[in-house]
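# Structural overview
Letter by letter, the chains look like this.
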Amino acid sequence: MTVGDEVLRRLRMQYRIQAEEYVSLYTHLQSRDPFRVLVATILSQNTTDKAALNALKTLERDVGLSPPAILGAGRRRVEKAIRMAGMYRSKSQCLLEASRIIVERYGGDMWNLLKGDAEEVRERLMELPGVGGKTADVLLTTMGIIHTVPVDTHVRRISTRLGLVDEGASYEMVRKRLEDVFSANSRHLAHLLLIAHGRRVCRARRPLCGDCVLNDLCKYYKEIRKN
Ligand code: SF4
């Protein structure tokens, strides 16, 4: 059994994935609409999934969740609707600009952007404002278009502590390394389980190493036990 299989096996026994705790997954399961998943994922940047979900629901109620609806509403109404997600000015600017590009280049239908080779799709997505590697990977992995491990703050922290990746490694280095660690069909689940573990046990401050099911595999734990 590889280290990735073992990490996954233990985390699966520990956590049940609740879609409502992951705004991108929840939105995908509710709608199967890539534009909604894009909006959800942008809203979730630098905030909690709960705040992002509340903002998404308000945006849907007050503005609508389609590129023409967001464009038609204008900056002030979008800002007001998503305020609770934080960084609402920059997020609103990204949503308006992304909506404009989707209308002008893709006829208002985000499925047109997602057609073709997966790596090209990823590149096209990253041309949208507010969409970096992580946001593109969350959207594409959640929708089953590519199989990777989006590297958010929890994923990076736990992978580094376990000794799977080097501290300070670039986003792409961590992603590629985790693609080696986890098989293609388990990468999305690995992403979700690592987030669950990072929220509950392997927290940024004072991780609960004594209670952690991964502690015998963990470089960080071995080091703190030595000191
Ligand atoms: S042993 Fe501690 S640092 Fe290592 S994965 Fe578990 S909680 Fe995180």
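The structure presented is a predicted model; accordingly, all values stated were derived computationally and were not measured.

Helices and strands together make up the secondary structure of the protein chain, namely 14 helices and zero strands. Reading the protein chain from its N end, one meets helices and strands in the order α-α-α-α-α-α-α-α-α-α-α-α-α-α. Rg of the C-alpha trace for the protein chain: 18 Å, near the compact-globule value of 17 Å for 227 residues, within the 12% margin. In terms of principal-axis extent, the alpha carbons of the protein chain reach across some 60 × 35 × 30 Å. Considering the protein chain as a whole, with its 227 residues, one finds that 53% of them fall into the buried category. Across the protein chain, the fraction of contacts at a sequence separation of at least 24, relative to all contacts at a separation of at least 6, is 61%. Accessible surface for the protein chain amounts to roughly 11,400 Å². Of this, 48% is attributable to carbon and sulfur atoms. Both charge centroids of the protein chain, one from 38 positive and one from 27 negative side chains, sit 7 Å from each other.

Moving on to the site of the ligand. By nearness alone, every residue bordering the ligand is listed as Arg161, Val201, Cys202, Pro207, Cys209, Cys212, Asn215, Cys218, Tyr220 and Tyr221. For the shell around the ligand, the residue count by class is eight nonpolar, one polar and one charged.

This part is about the domain arrangement of the protein chain. In terms of domain boundaries, the protein chain breaks down into domain 1 (3–17 + 148–226) and domain 2 (33–132). The distance between the C-alpha centroids of domain 1 and domain 2 comes to 29 Å.

Here the focus is the packing of helix 2 (residues 23–31) against helix 3 (residues 34–43). Packed helix pairs are specified by the crossing angle of their axes together with the interaxial distance, meaning the distance between the axes. Interhelical geometry of helix 2 versus helix 3 gives an angle of 160° and a closest axis separation of 8 Å. As summarised for this structure, helix 2 and helix 3 are arranged roughly antiparallel, according to the angle between their axes. In the packing of helix 2 onto helix 3, the handedness of the crossing is right-handed. Contacts between helix 2 and helix 3 involve Val23, Ser24, Thr27, His28 and Ser31 from the former and Arg36, Val37, Ala40 and Thr41 from the latter.

So, on to the pattern of salt bridges. Inspection of the entire model under this criterion finds 17 salt bridges. Residue glutamate 127 is joined to arginine 105 by a salt bridge in which the shortest nitrogen-to-oxygen separation is 3.4 Å. In this pair, glutamate 127 is assigned in the loop between helix 9 (118–125) and helix 10 (133–142) and arginine 105 in helix 7 (residues 88–106), connecting sequence segments 22 residues apart. Through salt bridges that share partners, Arg122, Asp137, Glu172, Arg175 and Glu179 make up one connected network.

A word on the packing of aromatic side chains. With the rule as written, the count across this model stands at zero aromatic pairs. Here the basic side chain of arginine 199 rests over the ring of tyrosine 22, its NZ or CZ set 5.0 Å away from the ring centre.

Regarding helix 6 (residues 75–82), the residues found buried are Val78, Glu79, Ala81 and Ile82. In an axial view of helix 6, the angular spread of the buried residues amounts to 165°, which keeps them on one side of the axis. Of the residues in helix 6, the exposed ones pointing more than 90 degrees away from the buried face are Arg76 and Lys80. Close packing links the buried residues of helix 6 with helix 3, helix 4 (49–62), helix 5 (67–73) and helix 7.

Within the span of helix 9, buried status applies to Val121, Arg122 and Leu125. The buried side chains of helix 9 occupy one side of the element, clustering within an arc of 100° when seen end-on. On its buried side, helix 9 packs onto helix 8 (110–113), helix 10 and helix 12 (171–181). If you check the start of helix 9, you find a side-chain oxygen 3.1 Å away from the backbone N of glutamate 119, and it comes from aspartate 117.

The rules behind these values
Within any chain, residue numbers begin from 1 and follow the written order of that chain's sequence. For a predicted model such as this one, the threshold for reporting local features is a pLDDT of at least 70, and the threshold for listing and counting side-chain atom pairs is 80 or more; totals across whole chains, interfaces and linings nevertheless cover every residue. Processing note: side-chain calculations cover all non-hydrogen atoms of the structure and skip hydrogens and water entirely. By definition, any uninterrupted DSSP run of H or I lasting at least four residues is a helix, any uninterrupted run of E lasting at least two residues is a strand, and each is numbered from the N terminus. The globule rule is 2.2 Å times the number of residues to the power 0.38, and the radius of gyration it is compared with is taken over C-alpha atoms. Using a 1.4 Å probe on the protein chains alone, a residue whose accessible area is under 20% of its type maximum counts as buried, one over 50% counts as exposed, and one in between counts as partly exposed. Residues are treated as being in contact if the distance between any of their heavy atoms lies within 4.5 Å. Surface exposure here means Shrake-Rupley accessible area, sampled with a 1.4 Å probe, where a residue is shielded only by the protein chains that are shown. The sign given to each residue is positive for Lys and Arg and negative for Asp and Glu; His and the chain ends receive no count. Charge positions are represented by NZ for Lys, CZ for Arg, CG for Asp and CD for Glu. We call a residue near a molecule or strand whenever a single non-hydrogen atom of that residue lies within 4 Å of it. Only Asp, Glu, Lys and Arg are considered charged, only Ala, Val, Leu, Ile, Met, Phe, Trp, Tyr, Cys and Pro nonpolar, and every remaining residue, Gly among them, polar. What marks off one domain from the next here is an automatic or database domain assignment. Here an axis means a line fitted to C-alpha atoms, over the contact stretch when the element is a helix, while the angle between two N-to-C directions is reported on a 0 to 180 degree scale. Put simply, angles under 35 degrees are roughly parallel, angles over 145 are roughly antiparallel, angles from 65 to 115 are roughly perpendicular, and the rest are oblique. Crossing handedness is defined as follows: a turn of the near helix away from the far one that is anticlockwise and smaller than a right angle gives a left-handed crossing, while the clockwise case is right-handed. Salt bridge, as applied in this entry: a Lys or Arg side-chain nitrogen positioned within 4 Å of an Asp or Glu carboxyl oxygen. Any pair of Phe, Tyr and Trp rings, taking the six-membered ring for Trp, is counted once the centres come within 6.5 Å. Such a pair is stacked with planes under 30 degrees apart, edge-to-face with planes over 60 apart, and tilted for the rest. Sitting over a ring, as applied to charges here, requires NZ of Lys or CZ of Arg to be within 6 Å of the ring centre and within 35 degrees of the ring normal. Working note: the arc is built from the helix axis to C-beta atom directions. Whenever a nitrogen or oxygen atom comes within 3.5 Å of another N or O atom, the pair is scored as a polar contact, on the condition that within protein one atom can donate a hydrogen and the other can accept it, and that pairs from neighbouring residues in sequence are kept only if both atoms are in side chains.

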